[in-house]
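Fold and geometry: a report
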Amino acid sequence: RAEEYTSDSRIPDLMRIGSPQEDSLRRDLTINSLFYNINEGIVEDMTGRGLDDLRRGIVATPLPPLTTLLDDPLRVLRSVRFAARLRFTMSDELRTAAADERVKAALEQKVSRERVGSEVDLMLKSRDPVGAMRLLVNLGLIDTVFPLPQNCLTNGSGSFGDVFQQGLSLLSATHGHLCDCKANPPMWCEAKRALEAGAVNGVGKEETRVLMEDEDARRLLWYAAFLKPLKSRTTSGDDDAEAETRKKPRKAKRSVILRLLVDELKRPIRDADQVEKIMNAADGFTKLVSMGSDISALSVLLSGAKVMHDRENRSKIACSMNTKTVEPDTEDDPVWLHCMEFRKNCSEVLRRIGPLWRAAFILSLCEQLMDAGNDELEYTIEGDVIEQTQEEIVSGIMNKYDVFAAAMMQLGLIGIWTQHPLVNGGEIKNSILTRIPEGPVFRDVMDEQTEWMTTHPGGSKEGLIEHLRATFPAFA
């Protein structure tokens with residue numbers, strides 16, 4: 001068919017029966033305008049350029065690019081997506097037209113936000129999500145695709161352009177690191193070990209899938225990596241500002257990230273929540289590492305502290321340290337207690353993020369690698385100045401995180417988010433803490449149970465009841 005457009009809509013104003021060549025010329029790209037002749041069994045190239053562009057890896061339009069993009073501005077995003085999906089190069093003429101201010105205005109006016117969001121989602125599912133976002137940035141389309149409210153950045157945090165450039169750098173680092181993990185997987189990225197570690201908490205393959213096998217988790221990670229600098233620069237530590245935010249209606253309390261993904265890109269609220277959870281959990285892991293939990297993780301590995309299935313009874317959890325059995329209810333060895341404190345701290349992050357913990361963990365790692373930058377580090381030990389090259393700094397950071405993840409797996413933390421309480425609320429009210437009042441204090445009791453079960457893996461119900469009565473004597 002043949003089509004004609006008006007200036008205010010991407011929907012054709014006139015459609016009529018046309019020739020095969022007219023049908024080819026109305027297509028968005030030359031590589032999408034090829035016909036297959038079912039009678040003769042051959043591919044027909046009516047534009048005379050499609051096959052050649054396919055061979056050369058070029059994304060180009062059949063008609064002059066500016067005409068094609070102004071007729072239907074969505075084509076500029078499709079061009080970026082196909083370039084990323086096929087790892088092709090956009091033609092110089094198409095790049096020039098894509099950066100034209102008239103195209104940006106038409107994209108904003110003529111294309112629904114649902115279609116824009118759908119194209120972005122497909123870009124991040126492509127083989128080269130970094131290349132797609134780089135094209136959006138370099139073509140000057142990023143502000144149109146990811147519109148941000150004015151004054152959303154905290155004071156001194158730079159411009160929108162700076163935020164997206166930093167997001168592109170973090171996305172590139174995260175994507176590159178995940179590719180490295182695929183080629184040379186660390187222990188915690190191996191599917192078999194992940195499944196074994198998850199078995200302690202009764203979770204199977206679906207809950208323990210590694211990122212290389214989970215396309216949807218990777219897509220959410222790319223969103224989180226690209227938008228993480230935006231979150232960091234829009235989060236205020238001002239107590240008065242936070243108090244004002246709490247007074248607002250629920251929808252108005254949404255973060256910039258949620259508003260951007262849900263209101264502007266029309267992504268499902270579930271996706272937006274998970275993206276923000278990945279960001280928050282990444283901050284949680286970063287905080288643990290910066291507070292010295294990596295040293296605690298090393299203590300776990302060196303002491304041989306383990307939480308695993310009982311070999312004789314797979315329904316029970318067995319604890320050991322230095323190959324010796326540990327009785328979780330009564331063990332008071334300081335090293336074991338230190339390991340359990342590490343287990344508790346990690347569990348708080350893992351319970352909030354669940355199966356997406358690897359995405360958050362890699363994002364935290366890559367943020368630290370980026371912060372290391374290109375500078376060499378000098379520090380002093382007993383008067384001697386020690387210099388570290390960037391390679392040594394990067395290696396040190398990666399070793400920290402590898403040890404941290406190995407310790408979490410060794411302590412049976414994978415799947416901790418599925419842990420069920422030993423005693424339910426009714427039992428607590430009726431026979432354990434019979435004087436407990438209604439209200440927030442009941443949540444405190446349930447939280448105390450969760451903490452005890454985390455630091456006493458495999459502990460007995462009787463031990464838990466004794467602990468709750470000792471902790472809340474006024475209600476016993």
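The paragraphs below set out a description of the structure included in this document. (Residues numbered from 1 in each chain as written. Predicted model: local features only at pLDDT ≥ 70, side-chain atom pairs only at ≥ 80, totals over all residues. Heavy atoms only, no water.)

Here the focus is unusual backbone geometry. The backbone of Lys-266 sits at a positive phi, close to 60 degrees, despite the residue not being glycine. Tracing the chain through its elements places Lys-266 in the loop between α15 (256-264) and α16 (269-290). With relative accessibility at 36%, the residue Lys-266 sits in the partly exposed group. Of note in this structure, Thr-323 is not a glycine but carries a positive phi near 70 degrees. Tracing the backbone through its elements, the reader meets Thr-323 in the loop between β8 (317-321) and β9 (324-326). (Helix = DSSP H or I, 4+ residues; strand = E, 2+ residues; numbered from the N terminus. Buried < 20%, exposed > 50% of the residue type's maximum accessible area, 1.4 Å probe, protein only.)

On to helix α8 (residues 129-138). Each α-helix turn comprises 3.6 residues. Residues three or four places apart therefore point the same way. Most of α8 is tucked away, with eight of its ten residues classed as buried. Among all positions of α8, only Pro-129, Val-130, Gly-131, Ala-132, Met-133, Leu-135, Leu-136 and Val-137 are buried. Positive backbone phi, at 75 degrees, marks Gly-140, one or two positions downstream of α8.

Let us now look at the sheet that holds β8. Taken in spatial order, the three strands make up an open sheet running β7-β8-β9, and their pairing is antiparallel. Each edge of the sheet is formed by a strand with only one pairing partner; in this case those strands are β7 (306-309) and β9. This sheet shows a mean twist of 45 degrees between the axes of neighbouring strands, independent of strand direction. Judged from the four bridges that link them, β7 and β8 form a sheet pairing that is antiparallel. Note on β8: the bridge partner recorded for Lys-306 is Ser-320. Sheet strands touched by helix α18 (residues 334-353): β7, β8 and β9. Its angle to β8, the strand with the most contacts, is close to 130 degrees. (Pairing = 2+ DSSP bridges. Axes fitted to C-alpha atoms, helices over the stretch in contact; angles between N-to-C directions. Contact = heavy atoms within 4.5 Å.)

To continue, consider the pairing of strand β3 (residues 34-37). The pairing of β3 with strand β4 (residues 42-45) spans four bridges and is classified as antiparallel. What sits directly across from Leu-34, in β4, is Asp-45. Counted along the chain from β3 to the antiparallel partner β4, the turn is four residues long, and its residue Gly-41 has a positive phi close to 70 degrees.

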